[in-house]
Amino acid sequence: HNVYIKWVDTCLSVQQPDVKGDPGILQPCDSSKMWEIVSTPCGQYYLKTSDTDQTLHWTHGNQGQKARGERATLYPCMTGDYGNCKWRFVKLHKDKDEYLIQTSGEENYLIAPHEGKASATVDHCDYSNPEPKCVWKVGLTFTSWEFPKSLTEHNVYIKW
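Here the structure is a predicted model, which is why all the values come from computation and not from measurement.

Engineer: Outline the overall build of the chain, listing residues and values.
Structural biologist: Across its full length, the chain holds one helix and 12 strands. In the chain, the order of α-helices and β-strands from amino to carboxyl end is β-β-β-β-β-β-β-β-β-β-β-β-α. Scored against the burial criterion, the 160 residues of the chain give a buried share of 49%. A separation of at least 24 residues holds for 55% of the contacts in the chain among residues at least 6 apart in sequence.

Engineer: Could you give an account of the pattern of salt bridges, naming the residues involved and the relevant values?
Structural biologist: Going through the model one piece at a time under the given rule, you end up with four salt bridges. One salt bridge connects Lys 33 with Asp 30, and the closest N-O pair in it is separated by 3.0 Å. The shortest N-O distance in the salt bridge between Lys 86 and Asp 81 comes to 2.2 Å. Owing to a relative accessible area of 64%, Asp 81 belongs among the exposed residues under this scheme.

Engineer: Lay out the side chain of Asp 22 in plain terms, naming residues and giving numbers.
Structural biologist: Relative to the assigned elements, Asp 22 resides in the loop between β2 (10–13) and β3 (25–27). We note that Asp 22 is buried and unpaired, the nearest opposite charge coming from Arg 71 at a distance of 7.4 Å. One polar contact links the side chain of Asp 22 to the main-chain amide nitrogen of Gln 15, over a distance of 2.9 Å. A polar contact of 2.6 Å, which involves the side chain of Asp 22, links it to the backbone nitrogen of Gln 16. Look past the residues within four positions of Asp 22 in its chain and what remains in contact with it is Val 14, Gln 15, Gln 16, Ala 72, Thr 73 and Leu 74.

Engineer: Pulling in residues and values, what's your account of the packing of aromatic side chains?
Structural biologist: Per the stated rule, a full pass over the model turns up four aromatic pairs. A centroid spacing of 5.3 Å and a plane angle of 75° characterise the contact between Trp 58 and Trp 87, whose relative ring orientation is edge-to-face. Highlighted residues: Trp 58 in strand β6 (residues 55–58) and Trp 87 in strand β8 (residues 87–93), separated in sequence by 29 residues. As far as burial versus exposure is concerned, Trp 58 and Trp 87 are alike and both buried. With 6.4 Å between their ring centres and 85° between their planes, Phe 89 and Tyr 99 make a pair best called edge-to-face. Here the residue Phe 89 occupies a position in strand β8, and Tyr 99 occupies one in strand β9 (residues 96–103), the gap between them amounting to 10 residues. Taking the relative accessible area as the measure of exposure, Phe 89 reaches 2% and is therefore buried. Following the ring pairs from residue to residue traces out a cluster consisting of Tyr 45, Phe 89 and Tyr 99.

Engineer: Residues and numbers for unusual backbone geometry, please.
Structural biologist: The backbone of Val 8 sits at a positive phi, close to 50°, despite the residue not being glycine. Of note, Val 8 is situated in the loop between β1 (2–7) and β2. The exposure class of Val 8 is exposed, given its relative accessible area of 55%. Unusually for a residue other than glycine, Glu 115 sits at a positive phi of about 45°. Mapping Glu 115 onto the fold places it in the loop between β10 (109–111) and β11 (121–123). You can call Glu 115 exposed: its relative accessible area is 72%.

Engineer: Give me the lowdown on the nonpolar core, citing residues and values where you can.
Structural biologist: Membership of the largest hydrophobic core comes to 24 residues, with the highest contact counts inside it found for Leu 47 and Leu 110. Those elements that place two or more of their residues in this core are β1, β4 (34–39), β5 (45–49), β6, β7 (72–75), β8 and β9. Ranked by residues supplied to this core, first place goes to β1 with three residues. For Leu 110, the contacting residues outside a window of four places in its chain are Leu 12, Leu 56, Ala 72, Trp 87, Ile 101, Ala 120, Thr 121, Lys 133, Cys 134 and Trp 136. Counting residues in each nonpolar core, the second largest holds eight residues, with Leu 92, Tyr 109, Cys 125 and Cys 134 among its members.

The rules behind the values
- Residues numbered from 1 in each chain as written.
- Predicted model: local features only at pLDDT ≥ 70, side-chain atom pairs only at ≥ 80, totals over all residues.
- Heavy atoms only, no water.
- Helix = DSSP H or I, 4+ residues; strand = E, 2+ residues; numbered from the N terminus.
- Buried < 20%, exposed > 50% of the residue type's maximum accessible area, 1.4 Å probe, protein only.
- Contact = heavy atoms within 4.5 Å.
- Salt bridge = Lys/Arg side-chain N within 4 Å of Asp/Glu carboxyl O.
- Lys, Arg positive; Asp, Glu negative; His and termini not counted.
- Polar contact = N/O pair within 3.5 Å; in protein donor to acceptor, adjacent residues only side chain to side chain.
- Phe/Tyr/Trp six-rings, centres within 6.5 Å; stacked < 30°, edge-to-face > 60°.
- Core = buried A, V, L, I, M, F, W, Y, C linked by side-chain atoms within 4.5 Å.

As structure tokens, this is what we get:
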């Protein structure tokens, strides 16, 4: 499924979707800002640019606290089984379509650019009371910020 990943009034994007190392940034939402969600055998997901084989990962493959602050950039992750390339969606509230995007098997999350940073990073977020920079919306269109029903039917994206 191709989806938009929205933060406030902008969408997660990259400048050059076919260039390894291009950072995740925020830009005005338009049809070129879609991501393909690709499932992995372990029940997590790749966030792939919609028209290339590049996926979002956190730089250098650091794990745990060492990963905090690392930039989220593109990498051809689907060529191997890289832990720093997989994500899962954690729903914050039953009645709102707001999510944390969690790194594979860790307590780190995708963070919107903030405090002078130009690109998205990974860092810790308090699940019970996340800062706005941690909260994302996912949708099929600009006007419907509802997680795709075909994906939620399998309960693979939602943790309450």
